[in-house]
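Spelled out from the first residue to the last, the chains are:
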Amino acid sequence: MIRMNHKGASMDAEDYNTHGPGNVAEVVTHVQQVRKEGMGVISMKLVGEGTFNREDRKAAMKFAFKNAGVDSVTVGYKNTAEIDEALDNLNLALA
């Protein structure tokens, strides 16, 4: 599991105490490295701990699969509408 999204929100940063954005390019490099070693990658914190708007959630899903090359994602939900949206975003990302 790796914390990742296109904005670096709620990802590991060099100084965790700053709450600044994580280094997205570095995380993508790690994903690509472990994939070459035959490991699967699950992305978490995909929607910035619930702080992203709908367009950012769409972009985050697409980024995870198309740019970073993760195998799977984990997303939390508060209601069935959020599940439906995540499925729509996943279908768009994989299209």
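Scope of this entry: the structure provided in the associated data block.

Cut-offs and rules
- Residues numbered from 1 in each chain as written.
- Predicted model: local features only at pLDDT ≥ 70, side-chain atom pairs only at ≥ 80, totals over all residues.
- Heavy atoms only, no water.
- Helix = DSSP H or I, 4+ residues; strand = E, 2+ residues; numbered from the N terminus.
- Rg over C-alpha atoms; globule rule 2.2 N^0.38 Å.
- Buried < 20%, exposed > 50% of the residue type's maximum accessible area, 1.4 Å probe, protein only.
- Contact = heavy atoms within 4.5 Å.
- Phe/Tyr/Trp six-rings, centres within 6.5 Å; stacked < 30°, edge-to-face > 60°.
- Lys NZ or Arg CZ within 6 Å of the ring centre and 35° of its normal.
- Expected span 1.5 Å × (residues − 1).
- Bend = angle between axes of the 7 residues up to and from the residue.
- Axes fitted to C-alpha atoms, helices over the stretch in contact; angles between N-to-C directions.
- Parallel < 35°, antiparallel > 145°, perpendicular 65-115°, else oblique.
- Left-handed = near helix turned anticlockwise from the far one by under 90°.

1. Concerning the overall build of the chain
Line of reasoning, step 1. A count of helical and extended segments in the chain gives three helices and three strands.
Line of reasoning, step 2. For the chain, the sequential pattern of α-helices and β-strands runs β-α-β-α-β-α.
Line of reasoning, step 3. Against the compact-globule benchmark of 12 Å for 95 residues, the chain has a radius of gyration of 13 Å, which places it among compact chains.
Line of reasoning, step 4. Along the longest, intermediate and shortest principal axes, the C-alpha atoms of the chain span 35 × 35 × 15 Å.
Line of reasoning, step 5. Across the 95 residues that make up the chain, the buried fraction comes to 32%.
Line of reasoning, step 6. Pairs at least 24 apart in sequence give 68% of the contacts found in the chain among residues at least 6 apart.

2. Some words on the packing of aromatic side chains
Line of reasoning, step 1. On inspection of all chains with the given rule, the structure shows zero aromatic pairs.
Line of reasoning, step 2. Above the plane of the ring of Phe52 lies Lys7, whose end atom (NZ or CZ) is 5.8 Å from the centre.

3. Brief notes about unusual backbone geometry
Line of reasoning, step 1. For Lys45, which is not glycine, the phi torsion reads 60° and is therefore positive.
Line of reasoning, step 2. Mapped onto the fold, Lys45 is located in the loop between strand 2 (42-44) and helix 2 (54-68).
Line of reasoning, step 3. A positive phi angle, close to 55°, is found at Glu49, a residue other than glycine.
Line of reasoning, step 4. Turning to its location among the elements, Glu49 is positioned in the loop between strand 2 and helix 2.

4. Observations concerning helix 2
Line of reasoning, step 1. For helix 2, spanning 15 residues, the distance from its first C-alpha to its last is 20 Å, which sits close to the expected 21 Å at 1.5 Å a residue.
Line of reasoning, step 2. The largest bend in helix 2 amounts to roughly 30° and is located at Lys62.
Line of reasoning, step 3. Among the residues of helix 2, Asp56, Ala60, Met61, Phe63, Ala64, Phe65 and Ala68 are the ones counted as buried.
Line of reasoning, step 4. Along its buried surface, helix 2 packs onto helix 1 (24-36), strand 3 (72-73) and helix 3 (80-94).
Line of reasoning, step 5. Of the residues flanking the end of helix 2, it is Gly69, one or two places downstream, whose phi is positive at about 80°.

5. Examining the packing of helix 2 against helix 3
Line of reasoning, step 1. With their axes 8 Å apart at the nearest point, helix 2 and helix 3 run at an angle of 45° to one another. Classified by the angle their axes make, helix 2 and helix 3 are oblique. The way helix 2 lies across helix 3 gives a crossing that is right-handed. For the pair helix 2 and helix 3, the contacting residues are Arg54, Arg57, Lys58, Met61, Lys62, Phe65 and Lys66 in the first and Glu85, Ala86, Asp88, Asn89, Leu90, Leu92, Ala93 and Leu94 in the second.

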